Amino acid sequence: QVQLVESGGGLVQPGGSLGLSCAASGSIFSFKRMDWYRQAPGKERELVAGFTSGGSTNYADSVKGRFTISRDNAKNTVSLQMNSLKLEDTAVYYCHAMDWRFANYWGQGTQVTVSS
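Being a predicted model, the structure only gives us computed values, none of them experimental.

Novice: Account for the packing of aromatic side chains, naming residues and giving values.
Specialist: For the structure on display, the rule yields three aromatic pairs. Ring centres of Y37 and W106 lie 5.0 Å apart, and the angle between their planes is 65°; on these two criteria the pair is classed as edge-to-face. Residue Y37 is located in strand β4 (residues 31-39), and its partner W106 is located in strand β10 (residues 104-106); the two are separated by 69 residues in the primary sequence. The ring centre of Y94 lies 3.7 Å from the NZ or CZ of R45, which sits over that ring. The ring of W106 has R45 sitting right over it, with the charged end atom 4.6 Å from the ring centre.

Below, the structure is given as structure tokens:
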């Protein structure tokens, strides 16, 4: 059973930085892609940043230039570094993975709150 465990959420002031990490129970090479999604209260879950197994990345327009997704193959982790945080970045952030059979896996979510 695949498990994704997020860590690193918390409270930060506008303009601050926060890093999230997602630890997978197996090799991240077993996944076709890994992503970070977020869901704010009353809104739909949206893709924030993603990583394909080939190494290409994509970002939501709202976070380009501020967020960076990265991975550590040896530790089977995917991280999201968030800089210049805004109030509208407040959400529950979820780690997502899709394997080569197109099965989807989700972490439990971690709360990020941007507030002064």
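Moving on from the coordinates now.
Novice: Residue-level account of the pattern of salt bridges, with values.
Specialist: Pairing between side chains of opposite charge can happen when their charged atoms approach one another. Inspection of every chain in the model, using the stated rule, returns six salt bridges. R33 is the salt-bridge partner of D35, the closest N and O atoms lying 2.5 Å from each other. A relative accessible area of 21% places R33 in the partly exposed class. The salt bridge involving D89 is made with R66; its shortest N-O contact spans 2.8 Å.

Novice: Can you lay out unusual backbone geometry for me, pointing to particular residues and giving the numbers?
Specialist: You will see that S84, though not glycine, has its phi angle at about 50°, which is positive. On the secondary structure map, S84 appears in the loop between β8 (77-82) and β9 (91-99). By relative accessible area, which is 39% here, S84 ends up partly exposed. The backbone of F102 sits at a positive phi, close to 70°, despite the residue not being glycine. You can see F102 is positioned in the loop between β9 and β10. F102 gets classed as exposed once you look at its relative accessible area, which sits at 53%.

Novice: Can you tell me about the pairing of β8, naming the residues and giving the values?
Specialist: Two elements, strand β3 (residues 18-24) and β8, share six bridges in a ladder whose sense is antiparallel. What sits directly across from G19, in β8, is Q81. Here strand β7 (residues 67-72) runs beside β8; their pairing, made up of six bridges, is antiparallel. Bridging across to β8, S70 finds its partner in S79. Hairpin connection of β7 to β8: four residues between the antiparallel strands, including N76 at a positive phi of 55°.

Novice: Residues and numbers for the sheet that holds strand β1 (residues 4-7), please.
Specialist: The sheet built from four strands is open, its strands ordered β1-β3-β8-β7 with antiparallel pairing. A single partner strand is all that each edge strand has here, and the edge strands are β1 and β7. Across the sheet, the mean angle from the axis of one strand to that of its neighbour is 15°, orientation sign disregarded.

Criteria and thresholds
- Residues numbered from 1 in each chain as written.
- Predicted model: local features only at pLDDT ≥ 70, side-chain atom pairs only at ≥ 80, totals over all residues.
- Heavy atoms only, no water.
- Phe/Tyr/Trp six-rings, centres within 6.5 Å; stacked < 30°, edge-to-face > 60°.
- Helix = DSSP H or I, 4+ residues; strand = E, 2+ residues; numbered from the N terminus.
- Lys NZ or Arg CZ within 6 Å of the ring centre and 35° of its normal.
- Salt bridge = Lys/Arg side-chain N within 4 Å of Asp/Glu carboxyl O.
- Buried < 20%, exposed > 50% of the residue type's maximum accessible area, 1.4 Å probe, protein only.
- Pairing = 2+ DSSP bridges.
- Axes fitted to C-alpha atoms, helices over the stretch in contact; angles between N-to-C directions.

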